[in-house]
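# Structural description and commentary
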Number of protein chains: 2
Amino acid sequence: MRCAVVAVGTELLLGQIVDTNSSWIGERLAASGIDSLVQYKVGDNHARIVSIVDRALQEADAVIMCGGLGPTHDDLTRDAIAEVMGVVLRHDEGVAETIRSMFSSRGRRMPDNNLRQALVPDGATIIPQTRGTAPGLVCPVGDKVIYAVPGVPHEMYDMMERVILPDLRRRNGDSGVIVSRVIRTWGESESGLNERLDRVIAELEERGNPTLAFLASGWEGLKVRLTAKGATDGEARELLEEWEERVLDEVGDFVFGYDDDNMEAVVIKRMSELGLSLAIAESVTGGLVSGRLTTIPGASQVLRGSVVSYASAVKHDLLGVPEGPVVSESAAIAMADGVRRLLGTDIGLSLTGVAGPSEQDGQPVGTLWVGLSREGVTTMAAHLRLPGQRDPMRQMAVISALDLLRRTLD
Amino acid sequence: MRCAVVAVGTELLLGQIVDTNSSWIGERLAASGIDSLVQYKVGDNHARIVSIVDRALQEADAVIMCGGLGPTHDDLTRDAIAEVMGVVLRHDEGVAETIRSMFSSRGRRMPDNNLRQALVPDGATIIPQTRGTAPGLVCPVGDKVIYAVPGVPHEMYDMMERVILPDLRRRNGDSGVIVSRVIRTWGESESGLNERLDRVIAELEERGNPTLAFLASGWEGLKVRLTAKGATDGEARELLEEWEERVLDEVGDFVFGYDDDNMEAVVIKRMSELGLSLAIAESVTGGLVSGRLTTIPGASQVLRGSVVSYASAVKHDLLGVPEGPVVSESAAIAMADGVRRLLGTDIGLSLTGVAGPSEQDGQPVGTLWVGLSREGVTTMAAHLRLPGQRDPMRQMAVISALDLLRRTLD
């Protein structure tokens, strides 16, 4: 089963929007065992869209079209599919009624333009819309198929997961079930994880099921994805659990979470459970650690506040850091102690380091000290050497400091 | 002149990397007056690459290939181009020597693999590499052309700007010069700017030169790009200045910078010039304002530090905010005053608001109060209603608060 993706929209070709939809679709196809043949971006031009889809359909078994289902005159996907299928567009009153009721539930009248979204190529079936006004389309062409989904990401995700991926897998002869699990790690490089998982990977490659893939994701950490197929959901999950166990045996020390758990969410959840409060003193990261933690709704249960002590005088005056070099073990410890006392929390976390462009206190760019202070427990600091560019260094500092905090919570 | 882009790499099809290179190329082609016909993503498979490039060359006048120029066995762009051209690959000793000297300058021996990067399709010319080991290629095919550039973004940018865009413009018969200017705005919506520039846009559409485009860029603000062509650099720049003036007449109130100046850089630069120091009290943004400002090297000249007063008690105890609702004008003013005094700076900036998921103090999600305190000057606060989703709300809050601060610096 070979699948092509056609992303439609002049704004994509002009670079006004980055096409993240196709990447997402490619990732989901791979996880579903469908071969990604090629991906196209084409502008809002009827003849060009028809020619690309025609060609895509010659070489692939299925074509997923993304975008061009809106209500305006330059939304051309419906017309292009009808031409490729050699059929007319028919008005679907059920779709029109759904769109009308979406408008009326918001107290608005449906503009006539939106009736365009109720046009369906003859012979196609619709994918009912649940999040926007445009339905998706499933359009058979001989023994092949064209799918069309809106370009709005959350509308597209929904239709892919609900209808298209299951349909592709059925066409692919996969009567079974695919389940996957993302194991999220921090503290070891991709090549390091690869080496530790050497034997597991060799065995998996021989078996072919489950599959294992690495995804480096910046300050989201390094992800290991296991994807298992089985005749039943139970069988697939059993396989997944067996091999997850094998992976954890080798690299469990670096695992902080699963699937959508990011480091911030894991730290906030664990501290909430333990009823612990947190204060942070940030220097090199300038507020980014607090900024990331507060992306999590519910962070206010844990984080009382932070002091960004960018100037050395603020470290001395407000946090009580003694005079001397501020990128050092003793400064990190004093900052963590100081902010914990200042804000009256159970735990104080601190970061001081050098993000560049030039060295500081004789310490090279990339140096990070993380301090951790907890009432009644020995205060500690850790030293890390991170990459030397300013932005990556600061991002790595954020996840590294949160990981250090997380490790003390077990 | 119609141009196609072929991005090469299985990791792109699998969604492990988002193809931002093609978007960047599309944006630069548009700014150079070259028509973007179609963009492809193809995996590391010799036959598929050849078939895509063959086809791209039939429909377009020029094909830009991006990626697949590395030293390993799955870097296939050179071989594919040679097959499309119907020529052999020849060893270029000049290229090999350049690569060898790059390695030896870092005290390392060149692995034999890298000799693959010295292979050049017969009849092609190289684009000398200045940032990585792979040279680019200019490969004539009849009266058409294939360019190849590395997939590493900064290597690709360099070769595009230095060689490929000028060569495309020459082939396009543009003997003149293209210059462009990005006018960066905040405080008015895209449709609002569009309306204010109504007459200017109509005149420009009639003239065709310069062109004007909007680029919505999140917390980078809303960009207006003017692109002018002229017979000489002087002529193009004169035209650009004339129309920039016209744009500023209509929307000058919303302009904070030009080209690469982001809001953070503009604020830091202006405060540095004025010799003013800054302290920030953040609640709803949780440290993001400070985190953004400190992306700018040199922020330490201005920003002494911040207090993230996430818990109400921290607002009361550390910043001296009186008891009462903390999402209010009086709380914003007290926070700005309090942090300015606590850190001993010229200016105090504060943000308090509701990012959701639920309302707070009877204020709806999206509410923002920004406070500003300056020694000897009346302290003020501004009220804004921002979009209701947590992440966009917080990002809009950051740029809105910095813009408010910037406006008081004139």
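Shown above is the structure to which this text applies.
Residues numbered from 1 in each chain as written. Chains lettered and ligands numbered in written order. Predicted model: local features only at pLDDT ≥ 70, side-chain atom pairs only at ≥ 80, totals over all residues.

## Things to note about the overall build of chain A
- What chain A contains, in helices and strands, is 14 helices and 17 strands.
- In chain A, which comprises 410 residues, the share counted as buried stands at 46%.
- Considering only residue pairs separated by 6 or more positions, chain A has 65% of its internal contacts joining residues 24 or more positions apart. (Helix = DSSP H or I, 4+ residues; strand = E, 2+ residues; numbered from the N terminus. Buried ≥ 20, exposed ≤ 12 C-beta atoms within 10 Å, placed from the backbone. Contact = placed C-beta atoms within 7 Å.)

## A word on the interface of chain A and chain B
- The interface of chain A with chain B comprises 46 residues on the first partner and 46 residues on the second.
- Residue assignment for the side of chain A that touches chain B shows that the elements contributing at least two residues are helix 2 (20-31), strand 2 (35-42), helix 3 (46-59), helix 11 (288-293), strand 14 (303-308), helix 13 (329-343) and helix 14 (390-407) of chain A.
- Among the residues forming the side of chain A that touches chain B, the class breakdown is 22 nonpolar, 17 polar and 7 charged.
- Bridge analysis of strand 14 of chain A against strand 14 (residues 303-308) of chain B gives 3 bridges, and the strand direction is antiparallel. The partner of Val307 of chain A across the bridge, within strand 14 of chain B, is Val307 of chain B. (Nonpolar A, V, L, I, M, F, W, Y, C, P; charged D, E, K, R; others polar. Pairing = 2+ DSSP bridges.)

## Things to note about the sheet that holds strand 3 (residues 62-66) of chain B
- Within the open sheet, the 12 strands sit side by side as 6(A)-7(A)-8(A)-3(A)-1(A)-2(A)-2(B)-1(B)-3(B)-8(B)-7(B)-6(B). Their pairing is mixed. The open sheet has two edge strands with one neighbour each: strand 6 (125-127) of chain A together with strand 6 (125-127) of chain B. Sheet twist, expressed as the average angle between the axes of neighbouring strands with direction ignored, equals 20°.
- As defined by bridge partners, strand 7 (residues 136-141) of chain B adjoins strand 8 (residues 144-149) of chain B across 5 bridges and the pair is classed as antiparallel. Residue Val141 of chain B lies in a different strand from strand 8 of chain B, and its bridge partner there is Lys144 of chain B. (Axes fitted to C-alpha atoms, helices over the stretch in contact; angles between N-to-C directions.)

## Notes on the relation of the copies chain A and chain B
- For the pair chain A and chain B, the best superposition has an RMSD of 0.1 Å and corresponds to a rotation of 180° with a translation of 0.0 Å parallel to the axis. Overall, the copies show the geometry of a two-fold rotation axis.
- Comparing interface residues between copies, 98% of those in chain A also lie at the interface in chain B; the contact surface is shared. (Least-squares fit on C-alpha atoms with pLDDT ≥ 70 in both.)

## What about the pairing of strand 10 (residues 211-216) of chain A?
Residues and elements named next belong to chain A.
- Bridging between strand 10 and strand 11 (residues 222-230) involves 6 bridges; their strand directions are antiparallel. What sits directly across from Phe214, in strand 11, is Val224.
- Adjacent in sequence and paired antiparallel, strand 10 and strand 11 are bridged by 5 residues, among which Gly218 carries a positive phi angle near 55°.

## Describing unusual backbone geometry
- For the bond from Gly356 of chain A to Pro357 of chain A, the omega torsion is 10°, close enough to zero to count as cis.
- With respect to the secondary-structure elements, Pro357 of chain A resides in the loop between strand 15 (347-353) and strand 16 (367-374).
- Here Asn209 of chain B and Pro210 of chain B are connected by a cis peptide whose omega angle stands at 0°.
- Within the secondary structure layout, Pro210 of chain B lies in the loop between helix 8 (198-207) and strand 10 (211-216).

## Thoughts on the environment of Ile399 of chain B
Residues and elements named next belong to chain B.
- Position of Ile399 among the secondary structure elements: in helix 14 (residues 390-407).
- On the basis of neighbour counts, which here come to 21 C-beta atoms within 10 Å, the residue Ile399 falls in the buried class.
- Between the C-alpha atoms of Ile399 and His46, which are 353 residues apart in sequence, the distance is 47 Å.
- The contact partners of Ile399, leaving out residues within four places of it in the chain, are Trp186, Trp219, Gly221 and Met263.

## Quick look at the environment of Gly291 of chain B
- Inspection of the secondary structure assignment puts Gly291 of chain B in helix 11 (residues 288-293).
- In sequence terms Gly291 of chain B and Ser306 of chain B are 15 residues apart; their C-alpha atoms lie 9.9 Å from each other.
- Setting aside residues up to four positions removed in sequence, Gly291 of chain B forms contacts with Gly286, Gly287, Leu288 and Gly291 of chain A.

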